[in-house]
Amino acid sequence: MKDDLSKLLGSWQAEVPEPADFTRNVWRRIELAESSRRSSFRSWYENVLILLSRPRIAVAMAILAVFAGALAGSGVAHSDNATAYLRSVNPYAQLSGVR
Amino acid sequence: MKRGAVILLVVLCLGAGMGLLSYNLLRDRGSPADWLRKELSLNEEQSARIMALSAEYGPKCAEMCARIMQTDSRLAGLIESSRTVTKEIREALAESDRVRTECRSKMLEHFYEVAAAMPEEKRKKYLDMVFPVVLNPGGPSQWVRPHLAR
């Protein structure tokens, strides 16, 4: 019974007609999707650069970058200082330095 | 467009430069205990007491580190030379656990002593910072989480 079914399934072929340009259409749609993604990133990037060309926006971004940099630098320094203290009082942490 | 790209580059350089500058200005080059004094704005007397406690604890900490290494290397040797859990391995495991527990207990003792030398309002901040080390001494908690340290 099981063998019969396997033979039957093996000999079965789908008789659904495939459109002549099916493969071509699939590739065309993939290409279109990729190029639209690329162009949307490009236009987004170009918009940012155009915005930055305006003096007020450029100054605002520079001020923001200075503050963000200072904040990030102080945060990392603070964390490193605290880590150094904790390492100095933790024998386990000192093991990694000795080994 | 080209102008925008140059400005973007300048903005990124400004941010990175400011980050490096503030890091170098705020990274403490003194001893860790000295950093603690500044961080918690301790007065001369509190600071001197904590410095003394740290100086006293330093050699103990190094000794504990050496003992952990010693028991670990003995355990590693036994594990490598055997294919079954022998009585010696069980004893070495127990000894390793005992040494580690003792280290954690001494660490906690030191933290309480340091906290006791601080004013009440600074104690909690300090203990919040050091407790993760006691709870998980060998784990990533030794890398302080910034929100705890503040």
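Above this text is the structure in question.
First, a word on what this report is: a plain description of the structure on this page. (Residues numbered from 1 in each chain as written. Chains lettered and ligands numbered in written order. Predicted model: local features only at pLDDT ≥ 70, side-chain atom pairs only at ≥ 80, totals over all residues.)

As for the overall build of chain B
Helix and strand counts for chain B stand at six helices and zero strands. Reading chain B from its N end, one meets helices and strands in the order α-α-α-α-α-α. Counting over 150 residues, chain B shows a buried share of 18%. Considering only residue pairs separated by 6 or more positions, chain B has 48% of its internal contacts joining residues 24 or more positions apart. (Helix = DSSP H or I, 4+ residues; strand = E, 2+ residues; numbered from the N terminus. Buried ≥ 20, exposed ≤ 12 C-beta atoms within 10 Å, placed from the backbone. Contact = placed C-beta atoms within 7 Å.)

Comments concerning the packing of helix H3 (residues 55–89) of chain A against helix H2 (residues 32–39) of chain B
Closest axis-to-axis distance for the H3(A)/H2(B) pair is 9 Å, and the angle between their directions is 130°. For the element pair H3(A) / H2(B), the angle class is oblique. You can see that H3(A) and H2(B) cross each other, and the crossing is left-handed. Contacts between H3(A) and H2(B) pair A:Asn81, A:Ala84, A:Tyr85 and A:Ser88 from the former with B:Pro32, B:Trp35 and B:Leu36 from the latter. Its residues placed into classes, the contact of H3(A) with H2(B) shows five nonpolar, two polar and no charged. (Axes fitted to C-alpha atoms, helices over the stretch in contact; angles between N-to-C directions. Parallel < 35°, antiparallel > 145°, perpendicular 65-115°, else oblique. Left-handed = near helix turned anticlockwise from the far one by under 90°. Nonpolar A, V, L, I, M, F, W, Y, C, P; charged D, E, K, R; others polar.)

Details of the interface of chain B and chain A
Counting from both sides, the interface comprises 43 residues of chain B and, opposite them, 38 residues of chain A. Among the secondary structure elements, those contributing two or more residues to the side of chain B that touches chain A are helix H1 (2–26), H2, helix H3 (44–80), helix H4 (87–116), helix H5 (120–135) and helix H6 (146–149) of chain B. Considering every element that reaches the side of chain B that touches chain A, the biggest residue donor is H1(B), with 18 residues. Class assignment for the residues of the side of chain B that touches chain A results in 32 nonpolar, eight polar and three charged.

Describing the packing of H3(A) against H1(B)
Contact geometry for H3(A) and H1(B): axes closest at 7 Å, N-to-C directions at 30°. In terms of axis orientation, H3(A) runs roughly parallel to H1(B). Crossing of H3(A) over H1(B) shows right-handed handedness. Residue composition of the contact of H3(A) with H1(B), by class: 20 nonpolar, eight polar and no charged.

Without other data, these values stay purely geometric and don't point to any function.
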